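# Descriptive structure summary
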Amino acid sequence: MCGIVGYIGKKQAAPILIEALKRLEYRGYDSSGVAVIDRLNYELAVRKTSGKIKDLEELLESSPLPLSSVGISHTRWATHGAPNKINSHPHVDCSGKIVLVHNGIIENYEELRDILWKKGHKFVSETDTEIIVHLIEEYYKRDIFVAVQKAVKQLRGSFALGVLCLDEPDILIAARIGSPLIIGLGKNENFIASDVPAILEHTKKVIYLKEGELAKIQEDKIQLFDFDGRAVSCHIDKVTLKVDTVKKQGFPHFMLKEIHEQPSVLTQMFQHRIKNNKISFDDGGLSEKCFKGINHIFIVACGTAYHAGLVGKYLIEQLASIPVSIDVSSEFRYRTPVINKKTLVVAISQSGETADTLAAVKEAKLKGAKIISICNVVGSSLARVSDRVLYTHAGPEIGVASTKAYTAQLGILYLFAIKLGNARQTLSSIQAKMFIKDLKQIPSAYIKILKDKNAIAKIAENNAHYGCFLFLGRNINFPSALEGALKLKEISYIPAEGYAAGEMKHGPIALIDEYRAVICLAPESNIYEKMISNIQEIRSRRGKVIAIATEGDEVINKHADNVIFIPKINQLLTPFLIALPLQMIAYYIAVKRGCDVDQPRNLAKSVTVE
Ligand code: M6R
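A short tour of the structure in this document, coming up. Note that this is a predicted model, so its numbers are computed, not measured.

All right, on to the nonpolar core then. Of all hydrophobic cores here, the largest spans 99 residues; its most connected members are Ile297, Ile316, Phe416, Phe469 and Phe576. It is helix 19 (residues 574-592) that provides the largest number of residues to this core, a total of 13 residues. Looking at which domains feed residues into this core, each of domain 2 (248-440) and domain 3 (446-610) supplies at least three. Sequence-distant contacts of Ile297, defined by excluding residues within four places in its chain, comprise Ile316, Ile322, Pro323, Val324, Ser325, Leu344, Val346, Phe416 and Leu420. Counting 32 residues, the second largest nonpolar core, distinct from the first, contains Leu21, Leu24, Val36 and Ile53.

Below is the structure:
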């Protein structure tokens, strides 16, 4: 979704603003822009364009910005109005003196636009954003801070804002509700950004702006206020991210790098969370006491995180024998789930900024549920609204397609299910120990699968011409089938559907012919034979079968056109190992088809609008 950057200091603002935008590219966008104030010559200069940041850079070469040490920049993911130059940010008021960038959606923009239009404001774009800058102009009486403060009180919806005013060029204003925004603290310079990677090269000291906070930022001073103008205290965090972690480190794409990081992410997770065969979530404040009185668990999440949650449902019900309901966050919110003080809501989100998941959690909280979140981004909005947070600590995930965050979410869910099973005495200590032992084998199994990457790449490339894919799995690998299909469609744009294999005869079998490729998840398990029957049904209709099976399976070769083998493991843990070849199939098919793997069209990394 949209990315915001702001700079105020002594250095040249434009290169900082553009470089920082590049670090936000992964969020997804379709146009970009930059505005700077030339304090010496009293000039506000704006440049914007549709397309990628390289298009903005080309524009800046042909139409350079004046020298300046204060500015704002933006990547726009279109919501209201086409992704063209006029609709891209920054937006300027009628006087040409106030300029603004925005991430979020203003829900009452039509109502406000009518009022402002009647007062004589002229609108040039189709965006909801433009009304904000005119509203600020309406309130502007030589104090930009007061004008922004009055304006934000009129807005409904979600917003993170960066605002500058030509008449007060030493002040950068930031405000937020719903959408994320951080302030980076430097020496005689300060920054704002949608997230930490944007400014990591300049500072590791950040303030996470809270809901309903406004910041008045100068090069040597930061003041925070609530929307009523009352000063509030601020907490400075020191981020531990390394600059290198947000670079490709020799891989052609972030996605491939992140696929390769999975063994080390899980090794670290297990080292950190398993001590003497005991699972510890102490850092998230989660002890066995937190499970007392709970009689129902709801899992809410979106996309890949939802698929991890679905694996979690199978696991928790099996190991801890407690009913688990799961919803995609956007559905949870608008139906009437039965929630009370005995309900535990587990919210899963890599970014912790997904608007639908945040809204679902807020709804559940109002009804008295306890919230545990499984989150990757430290300090994110979801982490802050939850009662307990179990961080995945997978490091920044830049590729839009979620890979290491997914398997890290699985890691936490397995540990959580074991701990819960232990607490509820549905899992004995010996059984728990055995699971923990099996879990610890996963990183080395990953390394083994990664060694076969050329063979997997070849299978993927040889099948990249198929126009439609079906993914079939059963039981705990039904979610794996959904995830495999999502991964493929989002980065290669090939229509792909994930199904519970048993459902095939209830509809999807009509799709099968020689033009269809079917990825069949057939690891060793108690339902292996049922999977083989499904594979035979596909083959007899001339469908192409690519199977993922367990090493040592001598039967599968007879039935499948291609087979990818995974190491032998406890069947409950197979979703971990199956995820890896599925990610690689999607990756190599997308590369073969020339797709933009890390930034697929229309997608955003963190979906901060509902
Ligand atoms: O940040 P979140 O985990 O809340 O994001 C949820 C989905 O938007 C995300 O998983 C999306 O489906 C990915 N692009 C999948 O690869």
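Let us look at the pattern of salt bridges. Taken as a whole, this structure holds 26 salt bridges when the rule is applied. When the shortest N-O distance is used, the salt bridge between Glu201 and Arg23 registers 2.8 Å. Within this pair, whereas Glu201 is found in the loop between strand 10 (190-193) and strand 11 (205-208), its partner Arg23 is found in helix 1 (residues 13-24), the two being separated by 178 residues in sequence. Of the charged contacts in the structure, one is a salt bridge between Glu524 and Lys568, with a shortest N-O distance of 2.6 Å. With Glu524 in the loop between strand 25 (517-522) and helix 17 (528-539) and Lys568 in the loop between strand 27 (562-566) and helix 19, the pair connects residues that are 44 residues apart, well separated along the chain. When its relative accessible area of 41% is taken as the criterion, Glu524 is described as partly exposed. In the salt-bridge network here, residues are joined through shared partners; they are Lys153, Asp226, Asp228 and Arg230.

Moving on, we come to the site of the ligand. In the vicinity of the ligand there are 14 residues, among which Ser349, Gln350, Ser351, Thr354 and Glu490 approach most closely. A distance of 2.4 Å separates an oxygen atom of the ligand from a polar atom in the side chain of Thr354. A distance of 2.4 Å is found between an oxygen atom of the ligand and a side-chain nitrogen or oxygen belonging to Glu490. Here the ligand, which alone exposes 410 Å², has 91% of that area covered by the protein.

Our focus in this paragraph is the sheet that holds strand 8 (residues 172-177). Spatial ordering of the open sheet is given by 5-6-7-8-12-13-14, a layout of seven strands whose pairing is antiparallel. In the strand order of this sheet, the two ends are held by strand 5 (91-92) and strand 14 (231-232), each with one partner. The sheet contact formed by strand 13 (residues 221-226) and strand 14 spans two bridges and is antiparallel. Residue Phe225 lies in a different strand from strand 14, and its bridge partner there is Ala231. With respect to the sheet, helix 4 (residues 130-139) is in contact with strand 5, strand 6 (98-106) and strand 7 (157-165), its orientation differing from that of strand 6 by roughly 130°.

For the rest of this paragraph, the subject is the side chain of Asp356. Relative to the helices and strands, Asp356 is located in helix 10 (residues 355-366). Here Asp356 occupies a buried position and makes no salt bridge, while the nearest side chain of opposite charge, Arg333, is found at 6.0 Å. Sequence-distant contacts of Asp356, that is, excluding residues within four places in its chain, are made with Cys302, Ser329, Ser330 and Glu610.

Criteria and thresholds
Residues numbered from 1 in each chain as written. Predicted model: local features only at pLDDT ≥ 70, side-chain atom pairs only at ≥ 80, totals over all residues. Heavy atoms only, no water. Core = buried A, V, L, I, M, F, W, Y, C linked by side-chain atoms within 4.5 Å. Buried < 20%, exposed > 50% of the residue type's maximum accessible area, 1.4 Å probe, protein only. Helix = DSSP H or I, 4+ residues; strand = E, 2+ residues; numbered from the N terminus. Domains from an automatic or database assignment. Contact = heavy atoms within 4.5 Å. Salt bridge = Lys/Arg side-chain N within 4 Å of Asp/Glu carboxyl O. Near = heavy atom within 4 Å. Polar contact = N/O pair within 3.5 Å; in protein donor to acceptor, adjacent residues only side chain to side chain. Areas by Shrake-Rupley, 256 points an atom, 1.4 Å probe, with all protein chains shown as cover. Pairing = 2+ DSSP bridges. Axes fitted to C-alpha atoms, helices over the stretch in contact; angles between N-to-C directions. Lys, Arg positive; Asp, Glu negative; His and termini not counted.

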